[in-house]
Amino acid sequence: QVQLVESGGGLVQAGGSLRLSCAASRSIVSIGTMGWYRQAPGKQRELVAVITKSGSTNYADCAKGRFTISRDNAKNTVYLQMNSLKPEDTAVYYCNVAGTHNWGQGTQVTVSS
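Residues numbered from 1 in each chain as written. Predicted model: local features only at pLDDT ≥ 70, side-chain atom pairs only at ≥ 80, totals over all residues. Heavy atoms only, no water.

Q: In this structure, what is going on with the sheet that holds strand β8 (residues 77-82)? I would like to understand it.
A: Remark on secondary structure: sheet strands pair via backbone hydrogen bonds, oriented parallel or antiparallel. Strands sit in the order β1-β3-β8-β7 across an open sheet of four strands; the sheet is antiparallel. The open sheet has two free edges, formed respectively by β1 (4-7) and β7 (67-72), since each of these has just one partner strand. Sheet twist, expressed as the average angle between the axes of neighbouring strands with direction ignored, equals 15°. (Pairing = 2+ DSSP bridges. Helix = DSSP H or I, 4+ residues; strand = E, 2+ residues; numbered from the N terminus. Axes fitted to C-alpha atoms, helices over the stretch in contact; angles between N-to-C directions.)

Q: What exactly am I supposed to notice about the pattern of salt bridges here?
A: According to the stated counting rule, one finds four salt bridges in the structure shown. Between Lys 64 and Asp 61 there is a salt bridge, and its shortest N-O distance comes to 3.1 Å. Note that Arg 66 and Asp 89 form a salt bridge whose closest N and O atoms lie 2.7 Å from each other. Linking Arg 66 in the loop between β6 (57-59) and β7 with Asp 89 in the loop between β8 and β9 (91-97), this pair joins segments that are 23 residues apart in sequence. Note on Arg 66: relative accessible area 11%, which makes it buried. On the basis of relative accessible area, Asp 89 is assigned to the buried category, the value being 1%. In this structure, a network of salt bridges that share partners links the residues Arg 38, Glu 46, Arg 66 and Asp 89. (Salt bridge = Lys/Arg side-chain N within 4 Å of Asp/Glu carboxyl O. Buried < 20%, exposed > 50% of the residue type's maximum accessible area, 1.4 Å probe, protein only.)

Q: Is there a simple way to explain the environment of Asp 61 in this structure?
A: Summarising the element assignment, Asp 61 is placed in the loop between β6 and β7. Among the polar contacts made by the side chain of Asp 61, one reaches the side chain of Lys 64 at a distance of 3.1 Å. (Polar contact = N/O pair within 3.5 Å; in protein donor to acceptor, adjacent residues only side chain to side chain.)

Q: Hey, could you run me through unusual backbone geometry in this one?
A: What is expected of a backbone is that most residues other than glycine have negative phi and most peptide bonds are trans. With a phi angle near 55°, Asn 76 is a residue other than glycine that sits in the positive phi range. Along the polypeptide, Asn 76 turns up in the loop between β7 and β8. We note that Ser 84 has phi near 50°; this positive angle belongs to a residue other than glycine. Looking at where Ser 84 falls in the secondary structure, it is placed in the loop between β8 and β9.

In structure tokens form, the structure reads like this:
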């Protein structure tokens with residue numbers, strides 16, 4: 001239905017920041033909850049943050065106080081601002097519509113100590 005392309009990942013030192021972007025192929029105004037997920041090598045994919053159509057947000061404990069998810073419907077884009085990054089944040093980050101299982105390529109985030 002909607003194609004999502006993640007970008008903005010990279011290599012940063014612990015304590016640094018990154019802003020991830022998730023660009024949608026069409027309007028996301030009618031889409032409900034969208035979320036950012038991450039998966040480290042050898043580990044299961046986990047939910048990091050979600051944002052509803054109305055802009056309400058929720059975060060996993062690992063992201064609270066450090067990450068901020070936002071949604072710009074006019075630009076068909078969802079963002080994840082990541083501050084105070086830790087080595088354990090290293091993973092491939094994915095954006096998706098909540099409840100779906102069609103995963104894209106994701107964007108790699110690597111945090112060095």
